[in-house]
Amino acid sequence: MLLLSKIKNKIRPNYRKKKWPGLINAYKKYLPVSSKTPIVTLNEGNTPLIFSQKISELIGNDTKVYLKYDGLNPTGSFKDRGMTMAISKAKEEGSEAVICASTGNTSAAAAAYASRGGLKSFVLIPDGFVAQGKLAQALMYGAEIISIQGNFDKALEIVRDLSSNYPINLVNSVNPYRIQGQKTAAFEIVDDLGFAPDWLCIPMGNAGNITAYWLGFKEYSKIKRNLKLPIMMGFQAEGSAPLVKNIIVKNPETLATAIRIGNPVNREKAKKVKKESKGDFQSVTDKEIIDAYKILAKEGVFCEPASAASVAGLIKNKNRLKKQSTIVCVLTGNGLKDPDCAIKNNEAIFRKNLEPSLDNIIKTLGY
Ligand code: AN7
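First, a word on what this report is: a plain description of the structure on this page. Throughout, a residue's number is its position along its own chain's written sequence, starting from 1. This being a predicted model, a pLDDT of at least 70 is required before a residue's local features are given, and a value of 80 or more before pairs of side-chain atoms are given or counted; all residues contribute to the totals for chains, interfaces and linings. With hydrogens and water excluded, all non-hydrogen atoms of the structure serve as input to the side-chain values.

1. Some points on the overall build of the chain
Filter applied, for reference: Secondary structure is summarised from DSSP: a helix means a run of H or I of at least four residues, a strand means a run of E of at least two, and numbering begins at the N terminus for each. Radius of gyration: over C-alpha atoms. The globule rule applied is 2.2 Å multiplied by the number of residues raised to the 0.38 power. For every residue, the accessible area obtained with a 1.4 Å probe (protein chains only) is divided by the maximum for its type, and the residue is called buried under 20%, exposed over 50%, and partly exposed between those limits. By definition, residues are in contact when any of their heavy atoms lie within 4.5 Å. Only the protein chains shown count as cover for residues, and the accessible areas themselves come from Shrake-Rupley with a 1.4 Å probe. His residues and chain termini do not enter the charge count, which takes Lys and Arg as positive and Asp and Glu as negative. The atom standing in for a charge is NZ when the residue is Lys, CZ when it is Arg, CG when it is Asp and CD when it is Glu.
Helix and strand counts for the chain come out as 16 helices and ten strands. At 21 Å, the chain has a C-alpha radius of gyration in line with the 21 Å of a compact globule built from 367 residues. Projected onto the principal axes, the alpha-carbon positions of the chain cover approximately 70 × 60 × 50 Å. Residue burial in the chain is summarised as follows: out of 367 residues, 54% are buried. Partitioning the intrachain contacts of the chain with sequence separation of at least 6 by distance along the chain shows that 71% fall at a separation of at least 24. Accessible surface computed for the chain: about 17800 Å², of which carbon and sulfur atoms make up 53%. Across the chain, 53 positive and 33 negative side-chain charges occur, with their mean positions spaced 7 Å apart.

Structure representation (structure tokens):
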């Protein structure tokens with residue numbers, strides 16, 4: 001027994017010795033929690049920062065491109081970071097129910113964390129515009145789901161009204177605890193790289209996440225002196241680009257349904273991020289999104305279409321980069337969230353319904 005444990009300790013690298021406790025426990029000092037906060041966690045956070053050789057080469061100029069793959073959170077998106085905080089605080093406040101409007105990922109995370117914490121969850125979604133995987137999650141995790149004949153913006157308007165008049169806690173990114181939880185992704189990037197990237201490329205819908213990252217980088221720069229802050233590059237889909245055009249888009253359209261949002265609630269905060277970081281907001285077409293989605297998959301990283309907007313945006317801006325830049329593209333959600341999109345948009349060789357004989361298969365494979 002003794003010998004076995006010795007061997008185990010030897011072959012197990014140091015960083016696996018300690019179990020990751022979830023982001024609230026890991027970053028407690030920097031979050032608005034106390035010993036009285038009942039922490040509702042699924043051990044979210046600590047997602048990999050993956051170096052991409054292919055995308056680095058594609059960008060050229062000795063650029064190093066990393067992917068912050070937040071699709072590896074417990075419910076498959078970055079929303080878990082905010083939701084562990086929002087649900088823990090709702091529970092601390094004695095709340096019994098939470099509500100959100102969602103293009104899908106928020107509803108999945110809200111449903112999971114609410115159920116885990118013993119709270120009821122209600123989610124309002126735009127009928128027909130939530131990817132299958134996300135809908136399946138909300139159904140399974142136990143939310144009460146209401147789909148409306150309207151888009152996300154309309155759904156958000158309703159839940160905002162509702163939550164201000166009834167004892168239901170709103171867990172969309174207007175909830176400040178969401179932003180607090182999500183800022184930890186910036187901490188992780190700095191912890192992994194040892195510095196902040198030159199650019200952070202990120203998709204924007206309601207612009208809660210870009211707000212959270214910027215807060216995270218700024219807070220970390222107070223702890224880690226000499227931390228150079230990144231330029232924040234936010235990307236929206238062309239048919240759904242209210243922050244790029246500085247308007248309200250009445251009927252937002254894009255195949256990246258996660259970011260099919262025409263009136264972002266964090267508009268003013270996002271503008272501040274852009275100004276403070278000397279960043280830029282730009283749009284990418286659905287075609288550019290799908291191209292990037294395919295490039296990522298060939299790197300072995302399957303994200304959902306909205307997430308690929310960060311890489312599509314980077315590709316568009318490659319001539320603006322200084323030599324030897326370090327870039328982080330945030331991949332906000334897992335590709336499995338939207339299987340329909342993958343099935344419709346690939347160039348795979350998929351030979352169907354073959355006669356099941358060895359000879360036939362050998363011939364088909366070209367040997
Ligand atoms: C994969 O789930 O708004 O700019 O209701 O699911 O912080 O809004 C999702 C947003 C990017 C945009 N990538 O983040 C929702 C929802 C993915 C997303 C965004 C979302 P924000």
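2. A short note on the site of the ligand
Applicable threshold: Nearness is judged by heavy atoms alone; a residue qualifies as near a molecule or strand once a single heavy atom is within 4 Å of it. We define a polar contact as two N or O atoms separated by no more than 3.5 Å, with the added condition that, inside protein, one atom must be a possible hydrogen donor and the other a possible acceptor, whereas residues neighbouring each other in sequence contribute only through side-chain atom pairs.
Lining the immediate surroundings of the ligand are 23 residues, of which Asn105, Thr106, Asn206, Ala207 and Thr332 lie closest. Asn206 is positioned with one of its backbone polar atoms (N or O) 2.7 Å from an oxygen atom of the ligand. Take Ala207: an N or O atom from its main chain is 2.7 Å from an oxygen atom of the ligand. The fraction of the free accessible surface of the ligand (470 Å²) that becomes covered by protein chains is 99%. Broken down by secondary-structure element, the contributors of at least two residues to the shell around the ligand are α5 (105-117) and α10 (208-223).

3. Considering the pattern of salt bridges
What counts here: Whenever Lys or Arg places a side-chain nitrogen within 4 Å of a carboxyl oxygen from Asp or Glu, that contact is recorded as a salt bridge.
By the definition in use, this model includes 19 salt bridges. Within this structure, Lys68, Asp70, Arg81 and Glu188 form a network of salt bridges that share partners.

4. Brief notes about the sheet that holds strand β6 (residues 169-170)
The condition that has to hold: Between any two strands, pairing holds if DSSP finds at least two bridges. All axes are obtained by fitting lines to C-alpha atoms, using only the stretch in contact for helices, and the reported angles, taken between N-to-C directions, cover 0 to 180 degrees.
One open sheet accounts for four strands, arranged β5-β4-β3-β6; its pairing is parallel. Either end of the sheet is taken by a strand with one partner, and the two such strands are β5 (144-148) and β6. Taken together, the five bridges between strand β3 (residues 97-101) and strand β4 (residues 120-126) define a ladder with parallel strand orientation. Across the sheet, the residue bridging to Ile99 is Phe122, located in β4. Across the face of the sheet, helix α7 (residues 152-165) comes into contact with β3, β4, β5 and β6 while running at roughly 150° to β3.

5. Here's the deal with the pairing of strand β7 (residues 199-203)
Operational definition: Every crossover in which the path from the first strand over the helix to the second runs clockwise, viewed with the strands pointing away from the viewer, is termed right-handed.
Burial within β7 is extensive, with five of its five residues counted as buried. Taking every second residue as pointing to the same face, both faces of β7 are buried, with Trp199, Cys201 and Pro203 on one and Leu200 and Ile202 on the other. In the sheet, β7 pairs with strand β8 (residues 231-237) via five bridges, with the strands oriented parallel. Bridge pairing links Ile202 to Gly234 in β8. One crossover worth recording links β7 to the parallel β8 by way of α10, and it is right-handed. The pairing of β7 with strand β10 (residues 326-331) spans three bridges and is parallel.

6. Observations regarding unusual backbone geometry
Of note, Asn61 is a non-glycine position whose phi angle comes to about 60°, a positive value. Along the chain, Asn61 turns up in the loop between α3 (53-59) and β2 (64-69). Since its relative accessible area comes to 38%, Asn61 is described here as partly exposed. The backbone phi angle of Asn353 is positive, close to 60°, even though this residue is not glycine. Looking at the element boundaries, Asn353 is found in the loop between α15 (339-344) and α16 (358-365).

7. Considerations on the packing of aromatic side chains
The condition is simple: By convention, a stacked pair of Phe, Tyr or Trp rings (six-membered ring in the case of Trp) has centres within 6.5 Å and planes under 30 degrees apart, an edge-to-face pair has planes over 60 apart, and any other such pair is tilted. We call a charge positioned over a ring when the NZ of a Lys or the CZ of an Arg lies within 6 Å of the ring centre and within 35 degrees of the ring normal.
Here the structure, examined in full by the defined rule, presents nine aromatic pairs. Where Tyr30 meets Tyr220, the ring centres are 6.3 Å apart and the plane angle is 65°; that geometry is what we call edge-to-face. One end of the pair, Tyr30, is in the loop between α2 (23-26) and β1 (49-51); the other, Tyr220, is in helix α10, and 190 residues separate them in sequence. The class of Tyr220 is buried, set by a relative accessible area of 9%. Summarising the aromatic geometry, the rings of Phe187 and Tyr220 are spaced 4.7 Å apart at their centres and angled 25° between planes, so their arrangement reads as stacked. With Phe187 in helix α9 (residues 184-193) and Tyr220 in helix α10, the pair connects residues that are 33 residues apart, well separated along the chain. A network of ring pairs unites the aromatic residues Trp20, Tyr27, Tyr30, Phe187 and Tyr220 as a single cluster. The ring centre of Phe129 lies 3.5 Å from the NZ or CZ of Arg260, which sits over that ring.

8. Let's talk about the environment of Thr41
With respect to the element layout, Thr41 can be found in the loop between α2 and β1. When its relative accessible area of 15% is taken as the criterion, Thr41 is described as buried. For the pair Thr41 and Pro74, spaced 33 residues apart in sequence, the C-alpha separation works out to 9.6 Å. Among residues more than four places away in sequence, those in contact with Thr41 are Pro21, Gly22, Thr84, Tyr113 and Arg116. From its side chain, Thr41 meets the backbone nitrogen of Asn43 in a polar contact 2.8 Å long.

9. A look at α7
Where we set the bar: In this scheme, a helix's expected span is set at 1.5 Å multiplied by one less than its residue total. Directions pointing from the helix axis toward each C-beta atom define the arc.
For α7, with 14 residues, the first-to-last C-alpha span of 20 Å sits near the 20 Å given by 1.5 Å per residue. For α7, the set of buried residues is Phe152, Asp153, Ala155, Leu156, Val159 and Ser163. With its buried residues spanning 150° around the axis, α7 presents them on a single face. Exposed positions of α7 whose direction lies more than 90 degrees from the buried face are Asp161, Ser164 and Asn165. At the N-terminal end of α7, a side-chain oxygen is found 3.1 Å from the backbone nitrogen of Asp153, two or three residues along, and the residue is Asn151.

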